[in-house]
Amino acid sequence: MTDTSLLKDNNFFRFFSGQILSTFAFQMLSVGIGWQMYDLTGSALSLGLVGLAQFLPQLLLTLVVGHIADQYNRLTIILACRALMALTVLTLAIGNLYHQMTPHLIYGCAIALGISRSFEMPALQALVPNLVPSNRLASAMALMASAREAMVIAGPAIGGFIYLLGPDVLYASSTLCFVLSGLFLYRLHYNHTVKAKAPVTLTYLLGGLTYIRRNPVVMGSISLDMFAVLLGGATALLPIVAKDILETGPWGLGILRSAPALGAVMMSIYLARRPLKRNVGKIMLRAVAIFGVATIVFGLSTNLYLSVFALFMLGMADMISVVIRSTLVQLETPDEMRGRVSAANSIFIGSSNQLGEFESGATAALFGTVPAIVIGGVGTLVVVGIWTFIFPSLAQRDTMEAHITNKANTSTK
């Protein structure tokens, strides 16, 4: 029996379907907001500010949302967030329908979406271990990652075609997907355990960050993934590579953008069917090293096909790292702390994506596009070497579940 049999579980299938619809809606939405903002302003800075408007709430609310996810019903939090997302996107649809769209309205809706995602993400990540057995969590994470990457490929493409019918049609379609997503999750069976309300102190709010710092496996896996994304942010420079180095057109840029996601999808499907069982620490380190090598190859390539292959391998390696990191974080964290730890994890990974794009752009401006990409890949390899020594518990981690390793060690004594 393969681990895709998780989809035969009605409860997990509802959750899975809800997530597919939500991710699809958000990916379509990103195309509409980006295109319309550029249409209205003709400013690249305005596009960057839309992303910043969504990211800042996540940064500012990190401590609060983790506390909420640990103290209250996680499913209720997610449903409330989906409702706010649907209302926000409906506002965009109505604004277009009555010709009232302005950049300020888009910024306001971007902030509302950022707030919604800030509360949703830790509750969502902390909910998954409550839906599947711990020995199948890695398969569930891989399956969810596979669906997410598939939507990253399909959502923008389909959203672009729908946008041709009008932005109001695109926003209405996205709203419908968010509503359907909420309906799937509304029928989810989740037994929420009412916890004694913890006093809201600074120590309690910082509990997630403190736990990460004190747990070398969690700290090592999160920081390794963060620095890999921070240093290896070659995808931010794809438009320059496509036009000036590979001398291809928009179609080539589209292929380059799809290559990492396609590699990630292929790998996540494989991991869902054949979950990693042994040597997960070494495999994670090797995957990040492959990520670095693929980045270097991409930076040095002057051939479109080689560049696509390098990005495909980069996506596959990144997916291995993501699945191991997300599984280890959930299994190593007590349920009563998963919300705060997931919130801290989200901000680490989210900030690395944003700062990675800035780092790549700044380095390219200083040294040129090719040196910037190659430096990022070499930096990733250096980080892997350093992390192997400063986080030996991560490098030596055998199984996803620590207690399995402990039992095995006990039995040999």
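Predicted model only: the values in this text are computed from it and were never measured.

### Focus: the overall build of the protein chain
Part 1 of the argument: Scanning the protein chain for helices and strands turns up 18 helices and zero strands.
Part 2 of the argument: For the protein chain, with 413 residues in total, the buried portion stands at 53%.
Part 3 of the argument: Partitioning the contacts of the protein chain with sequence separation of at least 6, the portion at a separation of at least 24 is 87%.
Part 4 of the argument: Element-wise, carbon and sulfur atoms account for 68% of the exposed surface of the protein chain, whose accessible area totals about 18,700 Å².

### Here's the deal with the environment of Arg148
Part 1 of the argument: Counting through the fold element by element, Arg148 comes out in helix α6 (residues 137-163).
Part 2 of the argument: Of the residues examined, Arg148 reaches a relative accessible area of 36% and is grouped as partly exposed.
Part 3 of the argument: A C-alpha to C-alpha distance of 9.8 Å links Arg148 and Gln27, two positions 121 residues apart in sequence.
Part 4 of the argument: Ignoring anything within four residues of it in the chain, the contact list for Arg148 reads Thr23 and Val322.

### Some details on helix α1 (residues 10-41)
Part 1 of the argument: Its 32 residues give α1 an end-to-end C-alpha distance of 46 Å, which sits within 8% of 46 Å, the value for a rise of 1.5 Å per residue.
Part 2 of the argument: Capping of α1 at its N-terminal end is provided by Asp9; its side-chain oxygen lies 2.9 Å from the backbone amide nitrogen of Asn11.
Part 3 of the argument: Just past α1, the residue Gly42 takes up positive phi, approximately 65 degrees.

### Here we look at helix α7 (residues 167-186)
Part 1 of the argument: Compared with the 28 Å implied by 1.5 Å per residue over 20 residues, the 29 Å span of α7 between its first and last C-alpha is a close match.
Part 2 of the argument: Inspection of α7 places Pro167, Leu170, Tyr171, Ser174, Thr175, Cys177, Phe178, Ser181, Gly182 and Leu185 among the buried residues, and these make up the whole buried set. Here the buried residues of α7 occupy an arc of 160 degrees about the axis, which is enough to place them on one side.
Part 3 of the argument: Lining the buried residues of α7 we find α1, α4 (74-97) and α6.

### Considering the packing of α1 against α6
Part 1 of the argument: Taken N-terminus to C-terminus, the directions of α1 and α6 make an angle of 35 degrees; their axes are 8 Å apart at the nearest point. Both α1 and α6 take part in a crossing whose hand is right-handed.
Part 2 of the argument: In terms of residue class, the contact of α1 with α6 is built from 19 nonpolar, eight polar and two charged.

### Concerning the pattern of salt bridges
Part 1 of the argument: For the structure on display, the rule yields three salt bridges.
Part 2 of the argument: For Arg278, the salt bridge goes to Asp398, with nearest N and O atoms at 2.4 Å. Placement of the pair is Arg278 in the loop between α12 (250-273) and α13 (280-300) and Asp398 in the loop between α17 (392-395) and α18 (402-411), with a sequence separation of 120 residues.
Part 3 of the argument: Overall, Asp398 belongs to the buried group, its relative accessible area being 15%.

### Considerations on unusual backbone geometry
Generally, phi is negative for residues other than glycine and the peptide bonds are trans, each holding for most cases.
Part 1 of the argument: Positive phi values are uncommon outside glycine, yet His99 reaches one of about 55 degrees.
Part 2 of the argument: Checked against the element boundaries, His99 lands in the loop between α4 and α5 (103-127).
Part 3 of the argument: Its identity as a non-glycine residue notwithstanding, Glu247 has a phi of 50 degrees, on the positive side.
Part 4 of the argument: Here Glu247 is to be found in the loop between α11 (238-245) and α12.
Part 5 of the argument: According to the relative accessible area criterion, Glu247 is exposed, its value standing at 68%.

### Focus on the packing of aromatic side chains
Part 1 of the argument: Under the defined criterion, the tally for this structure stands at four aromatic pairs.
Part 2 of the argument: The interplanar angle of 65 degrees and the centroid separation of 5.4 Å between the aromatic rings of Phe227 and Trp387 together place this pair among those described as edge-to-face. Of this pair, Phe227 sits in helix α10 (residues 216-231) while Trp387 sits in helix α16 (residues 369-390), and the two are 160 residues apart along the sequence.
Part 3 of the argument: Judged by relative accessible area, Trp387 falls into the buried class, the value being 11%.

### Topic: the nonpolar core
Part 1 of the argument: One finds Phe12, Phe15, Leu224, Leu256 and Phe298 to be the most contacted residues of the largest nonpolar core, which totals 70 residues.
Part 2 of the argument: It is helix α14 (residues 304-332) that contributes the most residues to this core, 11 residues altogether.
Part 3 of the argument: Excluding residues within four positions of it along the chain, Phe15 makes contact with Leu124, Leu127, Val128, Leu131, Met144, Leu185 and Leu188.
Part 4 of the argument: Residues Phe24, Leu29, Met101 and Tyr163 belong to the second largest nonpolar core, which totals 28 residues.

### Focus on a nonpolar patch on the surface
Part 1 of the argument: A grouping of Leu49, Leu52, Leu56, Leu59 and Leu60 is seen on the molecular surface, where their side chains present a nonpolar patch of about 430 Å² in accessible area.
Part 2 of the argument: Counting through the fold element by element, Leu52 comes out in helix α2 (residues 44-60).

### A closer look at the packing of α4 against α5
Part 1 of the argument: Interhelical geometry of α4 versus α5 gives an angle of 160 degrees and a closest axis separation of 9 Å. In terms of their interaxial angle, α4 and α5 are classed as roughly antiparallel. Like other packed secondary-structure pairs, α4 and α5 cross with a definite hand, here left-handed.
Part 2 of the argument: Classifying every residue of the contact of α4 with α5 by side-chain character gives 17 nonpolar, four polar and four charged.

### Describing the environment of Leu127
Part 1 of the argument: Considering the arrangement of structural elements, one finds Leu127 in helix α5.
Part 2 of the argument: In this structure the C-alpha to C-alpha distance between Leu127 and Gln330, which are 203 residues apart in sequence, comes to 9.8 Å.
Part 3 of the argument: If we ignore the near neighbours within four places in the chain, the residues touching Leu127 are Phe15, Arg74, Ile78, Leu188 and Tyr190.

### Focus on the confidence of the model for the protein chain
Part 1 of the argument: In this model, the protein chain carries an average pLDDT of 81, and 85% of its residues clear a pLDDT of 70 or more.
Part 2 of the argument: Residue range residues 403-413 is modelled with pLDDT below 50. Its contacts to residues more than four positions away, or to other chains, number three contacts.

### Some details on the environment of Ser342
Part 1 of the argument: Inspection of the secondary structure puts Ser342 in helix α15 (residues 338-367).
Part 2 of the argument: Note on Ser342: relative accessible area 1%, which makes it buried.
Part 3 of the argument: The sequence separation of Ser342 and Val329 amounts to 13 residues, and the corresponding C-alpha distance is 8.1 Å.
Part 4 of the argument: Leave out the neighbours within four places in its chain, and Ser342 touches Pro122, Gln125, Ala126 and Gln330.

Conventions used here
Residues numbered from 1 in each chain as written. Predicted model: local features only at pLDDT ≥ 70, side-chain atom pairs only at ≥ 80, totals over all residues. Heavy atoms only, no water. Helix = DSSP H or I, 4+ residues; strand = E, 2+ residues; numbered from the N terminus. Buried < 20%, exposed > 50% of the residue type's maximum accessible area, 1.4 Å probe, protein only. Contact = heavy atoms within 4.5 Å. Areas by Shrake-Rupley, 256 points an atom, 1.4 Å probe, with all protein chains shown as cover. Expected span 1.5 Å × (residues − 1). Polar contact = N/O pair within 3.5 Å; in protein donor to acceptor, adjacent residues only side chain to side chain. Arc of directions from axis to C-beta. Axes fitted to C-alpha atoms, helices over the stretch in contact; angles between N-to-C directions. Left-handed = near helix turned anticlockwise from the far one by under 90°. Nonpolar A, V, L, I, M, F, W, Y, C, P; charged D, E, K, R; others polar. Salt bridge = Lys/Arg side-chain N within 4 Å of Asp/Glu carboxyl O. Phe/Tyr/Trp six-rings, centres within 6.5 Å; stacked < 30°, edge-to-face > 60°. Core = buried A, V, L, I, M, F, W, Y, C linked by side-chain atoms within 4.5 Å. Patch = residues over 30% accessible without salt bridge, like charges linked within 9 Å, V, L, I, M, F, W, Y side chains within 5 Å. Parallel < 35°, antiparallel > 145°, perpendicular 65-115°, else oblique. pLDDT = per-residue confidence, 0-100.

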